[in-house]
Amino acid sequence: MVKVGILGLGSIGKHVSRLLLDHRQGHEIIGAVTLEAEFKGRPLAEVVGATEQSDVIIGDNLEELLALHPTIVVDASRSFLDVIEDDLCACLNAGANVVSSCEELAYPFARWPEIGRKIDNLARQEGVSVVGTGMNPGLIFDSLLLLATGAAWDIPYISGRRVVDVSKFSQNIHRRLGIGYTEGEFQAGHSDGSIAGHVGFPESIEIVIRAMGLKIDGQVSEEFDPMFSKGETPTSYGTIGPGETTGFSQIATAQVGDREFIRLELILHLDPNSAGLAVGDSVNIEGSHPVYLRVEPGMDAVQGTSAQLVNSIPAVVAAEPGLLTVHNLPRTAAWLGAFEDIDNR
């Protein structure tokens with residue numbers, strides 16, 4: 001029986017827990033911890049809205065969770081590797097595998113090389129595996145993109161575009177992303193780092209480029225352009241007023257040799273239709289045998305990420321020790337049968 005611990009009960013953590021409780025078998029959730037004070041002491045199934053019941057009572061102490069000896073910890077807490085470093089190391093020291101939604105963990109060796117090497121060495125020492133995955137990084141702009149290149153001959157250029165409706169995201173996530181600000185507030189927040197936008201473009205591009213045996217010339221470049229409301233835009237927590245940000249476009253590019261080789265664009269918006277945007281995902285592999293992929297409607301960020309985390313559990317548990325990327329793992333498949341019947345060869 002695979003013992004699963006849950007770290008973080010925001011939108012992703014709740015969906016992970018509900019998916020495990022209601023739709024997966026061959027495992028046991030042995031504990032869940034969160035920094036959300038209102039959840040502490042409450043039944044996990046009640047908080048996440050699961051149909052199936054669980055004996056797990058939510059706590060706030062990671063050490064107590066690790067004392068229960070989880071086989072794997074699903075980390076759905078934060079996006080920044082330096083913030084979760086101590087929690088990751090605690091999990092690895094306790095002999096637990098980790099699958100995480102932390103975008104910077106997907107390929108940390110460019111942005112955080114020292115932390116990346118530290119986590120890799122510790123995981124190897126403890127005989128466990130750790131992987132960062134989700135929609136982005138994890139699937140759309142890396143695993144799915146790389147799968148499409150398998151049918152290509154030459155590849156002179158790659159582009160991708162993802163348009164996401166973020167109206168169901170919480171206010172905290174909106175504020176971190178850059179939604180609900182005046183133009184001056186947005187520019188100031190972007191300058192001081194409090195408005196992060198999408199985290200993970202450099203990680204996705206590194207995974208793709210390296211998987212194809214190439215190297216980036218220089219660094220990944222990013223552009224970040226806000227979109228402003230012309231009227232009042234309702235949200236679950238209030239109204240975004242005229243002249244405030246309702247979304248943004250973020251573009252990342254990288255060069256191979258002396259030319260641009262890859263260009264990825266992500267548009268997040270509270271009401272894409274009103275802005276003339278169609279929700280969807282696309283990947284274009286140019287060349288003498290071009291490959292164009294379209295996913296319509298686009299994959300939901302929260303449901304898709306939680307599914308990637310849960311469905312990666314069998315492969316992560318079976319993987320060789322170390323800090324791995326999604327390219328190092330077998331393709332993620334829906335885990336529908338008994339855990340012991342899953343073939344990861």
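Just so we're clear, the structure is a prediction, and the values are computed from it rather than from any experiment.

A. Quick look at the overall build of the chain. A count of helices and strands for the chain gives ten helices and 14 strands. For the chain, whose C-alpha radius of gyration is 20 Å, the value lies close to the compact-globule estimate of 20 Å for 345 residues. Projected onto its principal axes, the C-alpha coordinates of the chain cover approximately 50 × 50 × 35 Å. Residue burial in the chain is summarised as follows: out of 345 residues, 53% are buried. Here the contacts in the chain between residues at least 6 apart in sequence split such that 72% fall between residues at least 24 apart. Total accessible area computed for the chain in this model is approximately 15800 Å², and 47% of it derives from carbon and sulfur atoms. In the chain, the 24 positive side-chain charges and the 46 negative ones have mean positions that sit 3 Å from each other.

B. Expanded view of the sheet that holds strand 7 (residues 221-228). Reading across from one edge, 7-10-11-6-12-13 is the order of the six strands in this open sheet, with mixed pairing throughout. Each having just a single partner strand, strand 7 and strand 13 (291-295) make up the two edges of the open sheet. The sheet shows a mean angle of 10° between the axes of neighbouring strands, direction not considered. Pairing geometry for strand 7 and strand 10 (residues 245-256), over eight bridges, is antiparallel. The residue bridging D225 from the neighbouring strand is S249, located in strand 10. Set on the sheet, helix 9 (residues 201-211) makes contact with strand 7, strand 10 and strand 11 (259-269); between it and strand 11 the angle comes to about 140°.

C. Examining the pattern of salt bridges more closely. Taken as a whole and judged by the stated rule, the model has ten salt bridges. In this structure, the salt-bridge partner of E85 is K118, at a minimum N-O distance of 2.9 Å. Taken as a pair, E85 in helix 4 (residues 81-93) and K118 in helix 5 (residues 113-126) lie far apart in primary sequence, 33 residues in all. Taking the shortest distance from any N to any O, the salt bridge between D281 and R162 comes out at 2.7 Å. Within this pair, whereas D281 is found in strand 12 (residues 280-285), its partner R162 is found in strand 6 (residues 158-165), the two being separated by 119 residues in sequence. Each member of the pair, D281 as well as R162, is classed as buried. Connected via shared salt-bridge partners are E104, R111 and E203.

The rules behind the values
Residues numbered from 1 in each chain as written. Predicted model: local features only at pLDDT ≥ 70, side-chain atom pairs only at ≥ 80, totals over all residues. Heavy atoms only, no water. Helix = DSSP H or I, 4+ residues; strand = E, 2+ residues; numbered from the N terminus. Rg over C-alpha atoms; globule rule 2.2 N^0.38 Å. Buried < 20%, exposed > 50% of the residue type's maximum accessible area, 1.4 Å probe, protein only. Contact = heavy atoms within 4.5 Å. Areas by Shrake-Rupley, 256 points an atom, 1.4 Å probe, with all protein chains shown as cover. Lys, Arg positive; Asp, Glu negative; His and termini not counted. Charge placed at Lys NZ, Arg CZ, Asp CG, Glu CD. Pairing = 2+ DSSP bridges. Axes fitted to C-alpha atoms, helices over the stretch in contact; angles between N-to-C directions. Salt bridge = Lys/Arg side-chain N within 4 Å of Asp/Glu carboxyl O.

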